Amino acid sequence: MTDSAKSSVDILKQADSLFQDRDVEVAFAAYDKAHQKAREEFNRPVEVEALAQMARLILTKGDREQGEDWLDKARERADKSDPLGWSRFLGVEGRFAWKAGNIQAARETFEKMFEYCSAKSLWGRAVDAAHMVAIVAESREDQIKWSHAGIEMAEAHGSNQWLGPLWNNLAGVYYDNKQYDSCLACYHKARDYHWQFSGETEKLFADYHVGMVYRLKGDFQSAESWLRPVLAWAERLENHSAIGRACEDLGEIELARRNSTLGILFLKRAKEEYQNAGFDKSWPEIWDNINRRIKQVEE
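Procedures and definitions
- Residues numbered from 1 in each chain as written.
- Predicted model: local features only at pLDDT ≥ 70, side-chain atom pairs only at ≥ 80, totals over all residues.
- Heavy atoms only, no water.
- Helix = DSSP H or I, 4+ residues; strand = E, 2+ residues; numbered from the N terminus.
- Buried < 20%, exposed > 50% of the residue type's maximum accessible area, 1.4 Å probe, protein only.
- Contact = heavy atoms within 4.5 Å.
- Areas by Shrake-Rupley, 256 points an atom, 1.4 Å probe, with all protein chains shown as cover.
- Salt bridge = Lys/Arg side-chain N within 4 Å of Asp/Glu carboxyl O.
- Expected span 1.5 Å × (residues − 1).
- Axes fitted to C-alpha atoms, helices over the stretch in contact; angles between N-to-C directions.
- Parallel < 35°, antiparallel > 145°, perpendicular 65-115°, else oblique.
- Left-handed = near helix turned anticlockwise from the far one by under 90°.
- Core = buried A, V, L, I, M, F, W, Y, C linked by side-chain atoms within 4.5 Å.
- Phe/Tyr/Trp six-rings, centres within 6.5 Å; stacked < 30°, edge-to-face > 60°.
- Lys NZ or Arg CZ within 6 Å of the ring centre and 35° of its normal.

Colleague: Mind showing me how you'd approach the overall build of the protein here?
Modeller: Helix and strand content of the protein: 16 helices and 0 strands. Projecting the C-alpha coordinates of the protein onto the three principal axes gives extents of approximately 70 × 35 × 35 Å. Buried residues in the protein amount to 48% of all 299 residues. Long-range contacts, defined as pairs at least 24 residues apart, comprise 55% of the intrachain contacts of the protein with a sequence gap of at least 6. Counting every atom, the protein has about 15,100 Å² of accessible surface; 46% of that belongs to carbon and sulfur.

Colleague: Even after reading the chapter, I still don't get the pattern of salt bridges, so can you show me in this structure?
Modeller: Two side chains of opposite charge can pair, provided their charged atoms sit close to one another. Counted according to the given criterion, the structure contains 24 salt bridges. Linking aspartate 16 and arginine 88 is a salt bridge whose minimum nitrogen-to-oxygen distance equals 2.9 Å. Of this pair, aspartate 16 sits in helix 1 (residues 8–20) while arginine 88 sits in helix 5 (residues 83–99), placing them 72 residues apart in sequence. Taking relative accessible area as the criterion, arginine 88 reaches 14% and is therefore assigned buried. We note a salt bridge from glutamate 49 to arginine 88, for which the minimum N-O separation is 2.8 Å.

Colleague: How do you make sense of the side chain of threonine 109 when you look at a structure like this?
Modeller: Mapped onto the secondary structure, threonine 109 falls in helix 6 (residues 103–119). Non-local contacts of threonine 109, meaning those with residues more than four positions away in its chain, are made with Leu90, Glu93 and Gly94.

Colleague: Sorry if this is basic, but what is going on with the environment of asparagine 289 here?
Modeller: Looking at the secondary structure, you find asparagine 289 in helix 16 (residues 284–298). We classify asparagine 289 as partly exposed; its relative accessible area is 32%. Sequence spacing of asparagine 289 and valine 46 is 243 residues, and the spatial spacing of their C-alpha atoms is 45 Å.

Colleague: Help me understand helix 13 (residues 240–256), please; the structure alone is not making it clear to me.
Modeller: What sets the pattern is the α-helix's 3.6 residues per turn: residues three or four places apart point alike. Compared with an ideal rise of 1.5 Å per residue, which puts 17 residues at 24 Å, helix 13 spans 24 Å between its outermost C-alpha atoms and is within 8% of the ideal. Judged by how many residues are buried, helix 13 sits mostly within the fold: 15 of 17 residues are covered. Arginine 258, located one to two residues past helix 13, shows a positive phi value of around 70°.

Colleague: Just to check I follow, could you spell out the side chain of glutamate 254 for this structure?
Modeller: Mapped onto the fold, glutamate 254 is located in helix 13. On the basis of relative accessible area, glutamate 254 is assigned to the buried category, the value being 5%. Once residues within four sequence positions are removed from consideration, glutamate 254 is found in contact with Glu224, Arg228, Asn259, Leu262, Gly263 and Phe266.

Colleague: Just checking my understanding: could you explain the packing of helix 5 against helix 7 (residues 123–136) for this structure?
Modeller: Two numbers describe a pair of packed helices, the interaxial angle and the distance between the axes. Running from amino to carboxyl end, helix 5 crosses helix 7 at an angle of 15°, the nearest separation of the two axes being 11 Å. Relative to helix 7, helix 5 is oriented roughly parallel. The two elements helix 5 and helix 7 meet at a crossing, and its hand is left-handed. Taken together, the residues of helix 7 that come into contact with helix 5 (itself represented by Leu84, Ser87, Arg88, Arg95 and Trp98) are Arg125, Asp128, Met132, Ile135 and Val136.

Colleague: How do you make sense of the nonpolar core when you look at a structure like this?
Modeller: Core analysis: the largest hydrophobic core is formed by 96 residues, its most contacted members being Tyr31, Phe89 and Trp167. Broken down by element, the residue count for this core peaks at 10 residues, all from helix 3 (residues 44–60). The contact partners of tyrosine 31, leaving out residues within four places of it in the chain, are Leu12, Ala15, Asp16, Phe19, Ala50, Gln53, Met54, Leu57 and Arg88.

Colleague: What am I meant to see in the packing of aromatic side chains here?
Modeller: Geometry of an aromatic ring pair is reported as the spacing of the ring centres plus the angle between the planes. Taken as a whole and assessed by the stated rule, the structure comprises 7 aromatic pairs. Between the aromatic rings of phenylalanine 28 and tryptophan 70, the centroid separation amounts to 6.0 Å while the plane-to-plane angle is 85°, which identifies the pairing as edge-to-face. With a gap of 42 residues between them, phenylalanine 28 in helix 2 (residues 24–41) and tryptophan 70 in helix 4 (residues 64–77) connect regions that are remote in the sequence. Sitting over the ring of tryptophan 70, lysine 73 keeps its end group 4.0 Å from the ring centre. Its guanidinium or amino end placed over the ring of tryptophan 98, lysine 99 lies 4.3 Å from that ring's centre, counting from NZ or CZ.

See below:
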């Protein structure tokens, strides 16, 4: 069936599939087609969903100002009486507030989305909202509370594709508090679901996180059993971020074993891969840390 023969609903579903595959440019074009077709059909809910997603895709590319233009178009068409359009709009509006640093506004928007979607039995989107509240929550207690709320709702309503990201979130809370036993248990859970429902990159990082926490726990043998396959896998994918992370952890293992020559080689390769990934511009925390660590080891 040609695109011209498809309904706006069908084109939107196709765009959502492309979005899940992280094919940003192709997904944007598909959402634009859905938007145009929805206008022809006078299908306002699909029009709002497509516009909101176009805004979100531009936000993922880092152009928040241009994305706001598309979000404003979605806002003009959005109506609370339309569950699908309104819930999608709220999810994107909250993400814009989050990326702008307006954490309180983001949280309020995601909580509103959670309540609205729960009332409308839009369980997958309610889980998404809980997931985002957990991300923007400022206290450890709130992060844990909302992570568990999302997990419980996903399990109760069959939204299992969300369980990988939700367990990741909870692992991150324990990681920040250096509770590595709990962190490792959560990352193992996350891995189980990522391997069932996620793409190859998510599976790669799920394995990496398990190895990373074993390293932090001082179990270097277990860490290497995860990190070395991750490194080989990342090299095949040419994923510079994952290569850098695996190299950094393997370098720290060698340094802990007092193999300083091999350790510094791993750290320098991590730095090179981080630069290839653009972290010197996009992720200064990681970039500054690896430079500081190399200088510390070489002194």
